[in-house]
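Residues per chain are reported as follows:
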Amino acid sequence: MEAGPRDTEQHDVPPPRQSAGRLSPDGPDEQDVAPEVEVELRPARRLRIWQLAPIVMLAAVGSLMFAFPLAFEFGDGGAVVAMLGLLISGCAAGWGMMAARRVGHTWPGLPARGSGDRPDWRVIALYVTMGAGLVALAVWRVARLR
């Protein structure tokens, strides 16, 4: 082979104008592109056993501490132990609600987190009334121990 000017006359290659119909200035035509498929790479968010175990254990210990002094009347210290058990049970309930909210669960009747919907005031009023009633009954029962 000797060095020289290139042979620009290639008869078996189509001219650029014929192949230009398949390409747009931005890239291939949309007909040639395969449809995109969205796949979720993250696993489904759900509560795991290592998240549930401490919550369940705290709730069990707290409810036993609350129930035994009320049932068997341990004397002067019963009210203190019962209130401590109520506090531990409340902490376990709050911890459970925060863990459930973190994975996307909501209370019945309330909209999902990030949905943009407003919660119904009647559902919120019902939850507040039920919670206040339970706290009032617990405090009344512990106060009767004295």
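Nothing here was measured: the structure is a model prediction, and the numbers come from that model. (Residues numbered from 1 in each chain as written. Predicted model: local features only at pLDDT ≥ 70, side-chain atom pairs only at ≥ 80, totals over all residues. Heavy atoms only, no water.)

Asker: Quick question: what am I supposed to make of the nonpolar core here?
Answerer: Among soluble globular proteins, nonpolar side chains are generally buried collectively. Phe-66, Leu-70, Ala-79, Ala-82, Ala-138 and Val-142 form the largest nonpolar core, which has six residues in total. Contributing elements (two or more residues each) for this core: α2 (49–72), α3 (78–102) and α4 (121–144). (Core = buried A, V, L, I, M, F, W, Y, C linked by side-chain atoms within 4.5 Å. Buried < 20%, exposed > 50% of the residue type's maximum accessible area, 1.4 Å probe, protein only. Helix = DSSP H or I, 4+ residues; strand = E, 2+ residues; numbered from the N terminus.)

Asker: Is there a simple way to explain a positive patch on the surface in this structure?
Answerer: There is a patch of like positive charges on the surface, built from Arg-45, Arg-101, Arg-102 and Arg-113. Note on placement: Arg-101 falls in helix α3. (Patch = residues over 30% accessible without salt bridge, like charges linked within 9 Å, V, L, I, M, F, W, Y side chains within 5 Å. Areas by Shrake-Rupley, 256 points an atom, 1.4 Å probe, with all protein chains shown as cover. Salt bridge = Lys/Arg side-chain N within 4 Å of Asp/Glu carboxyl O. Lys, Arg positive; Asp, Glu negative; His and termini not counted. Charge placed at Lys NZ, Arg CZ, Asp CG, Glu CD.)

Asker: What should I look at first to understand the confidence of the model for the protein chain in this one?
Answerer: Fine structural detail should not be taken from predicted coordinates in areas where pLDDT scores are low. Across the protein chain, the average pLDDT comes to 76, with 72% of residues at or above 70. Taken element by element, the protein chain is modelled with least confidence in helix α1 (residues 16–19), mean pLDDT 53, and with most confidence in α4, mean pLDDT 88. (pLDDT = per-residue confidence, 0-100.)

Asker: Help me out: how do you make sense of the UniProt feature "transmembrane region" (unreviewed entry) in the protein chain in this one?
Answerer: Taking the UniProt record as the reference, the feature "transmembrane region" (unreviewed entry) is found at residues 52–72, 78–100 and 121–143. The span residues 78–100 is 100% helical and 0% strand by assignment, and the distance between its end C-alpha atoms comes to 33 Å. Measuring from the first to the last C-alpha atom of residues 121–143 gives 32 Å, for a span that is 100% helix and 0% strand. (UniProt positions renumbered as here; feature names shortened; annotations may be inferred.)

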